[in-house]
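# Inside the fold
This is what each chain is made of:
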Amino acid sequence: MLLKTKHFGEINIDETKIIDFKDGIPGFENLKRYVVLYDGDETSPFRWLQNVDDGQLAFAVVNPFLILKDYDIEIPGEAVEGLDIEKIEDVMVLSIVVVPEDISKMTMNLKAPVIINTKNNKGMQVVLDTDRYSVRHYIVEELRRQEVNAGACSDKKEK
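Let me begin by describing the structure that accompanies this report. None of the values given here were measured: they were computed from a predicted structure.

### What to know about the overall build of the protein chain
Secondary structure summary: the protein chain contains three helices and eleven strands in total. Counting from the amino terminus, the protein chain carries its helices and strands in the arrangement β-β-β-β-β-β-α-α-β-β-β-β-β-α. Considered along the principal axes of its C-alpha atoms, the protein chain spans approximately 60 × 35 × 30 Å. When each of the 159 residues of the protein chain is scored for burial, the buried share is 42%.

Written out as structure tokens, the structure reads:
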């Protein structure tokens, strides 16, 4: 299927990869079909959640587990049921990213992750019932904190 997009120009997508968001994404409830795109670098944790019906709409997304190593969520039962999730191995979790002009202020939404059942291509954005995570978790700040912590652990003397 040929898709005209704002960020990628004309691209050919595999229709079997289209993810159905039955209720859309909050704020975009009438747009229900998306595809996850990679921006050429398979090793990057960043992806695009591209709408199939409106080529102008694409969300920058990230695998939150690659940024925040101790990110730990429980997918609500209604989401498990609504997405027909049978095995955790079939689940992809993404966080929507906001990229402001000052890229050092880039944030990811950990409070409302996008949950995708990769087995049946059903998706939904879920608001977690916890105060542990926010909608604006600073990515660059988190990566710097991890570097500092990793550096602190590397001061061990060799024998």
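Read on for the rest.
### A word on unusual backbone geometry
Here the phi dihedral of Asp-84 falls at roughly 55 degrees; this positive angle occurs in a residue that is not glycine. Relative to the helices and strands, Asp-84 resides in the loop between α2 (77-82) and β7 (91-98). Classification of Asp-84 by relative accessible area gives partly exposed; the value is 41%. At Asn-121, a position not held by glycine, the phi torsion is positive, near 55 degrees. Along the polypeptide, Asn-121 turns up in the loop between β9 (114-117) and β10 (122-125).

### Concerning the pairing of strand β2 (residues 9-12)
Bridge count between strand β1 (residues 2-5) and β2: four bridges; the pairing is antiparallel. Across the sheet, residue Thr-5 finds its bridge partner in β2, namely Gly-9. The loop that links β1 with its antiparallel partner β2 comprises three residues.

### Digging into the nonpolar core
By size, the foremost hydrophobic cluster in this structure holds 31 residues, and its most contacted members are Ile-13, Tyr-71, Ile-73, Val-97, Met-108, Ile-115 and Tyr-133. Taken together, the elements giving at least two residues each to this core come down to β4 (33-37), β6 (58-62), β7 and α3 (139-153). Grouped together as the second largest cluster of nonpolar side chains are 14 residues, Phe-21, Leu-31, Phe-59 and Leu-94 included.

### Some points on the environment of Leu-143
With respect to the element layout, Leu-143 can be found in helix α3. The exposure class of Leu-143 is partly exposed, given its relative accessible area of 35%.

### Regarding the environment of Ile-88
Within the element layout of this structure, Ile-88 appears in the loop between α2 and β7. Separated by 19 residues in sequence, Ile-88 and Lys-69 have C-alpha atoms that sit 18 Å apart.

### Remarks on the side chain of Asp-90
Mapped onto the secondary structure, Asp-90 falls in the loop between α2 and β7. Excluding its chain neighbours within four sequence positions, the residues that come into contact with Asp-90 are Ile-116, Asn-117, Thr-118 and Lys-119.

### What to know about the pattern of salt bridges
Counted under the stated rule, the structure contains six salt bridges. Residue Lys-4 is joined to Glu-10 by a salt bridge in which the shortest nitrogen-to-oxygen separation is 3.9 Å. Judged by its relative accessible area of 60%, Lys-4 is exposed. Notably, a salt bridge pairs Glu-141 with Arg-145, separated by 3.9 Å at the nearest N-O pair. Of this pair, Glu-141 and Arg-145 are both found in helix α3, four residues apart, which corresponds to roughly one turn of the helix. According to the relative accessible area criterion, Glu-141 is partly exposed, its value standing at 45%. We classify Arg-145 as partly exposed; its relative accessible area is 37%. What emerges from the salt-bridge pattern is a single network uniting Glu-141, Glu-142 and Arg-145.

Criteria and cut-off values
- Residues numbered from 1 in each chain as written.
- Predicted model: local features only at pLDDT ≥ 70, side-chain atom pairs only at ≥ 80, totals over all residues.
- Heavy atoms only, no water.
- Helix = DSSP H or I, 4+ residues; strand = E, 2+ residues; numbered from the N terminus.
- Buried < 20%, exposed > 50% of the residue type's maximum accessible area, 1.4 Å probe, protein only.
- Pairing = 2+ DSSP bridges.
- Core = buried A, V, L, I, M, F, W, Y, C linked by side-chain atoms within 4.5 Å.
- Contact = heavy atoms within 4.5 Å.
- Salt bridge = Lys/Arg side-chain N within 4 Å of Asp/Glu carboxyl O.

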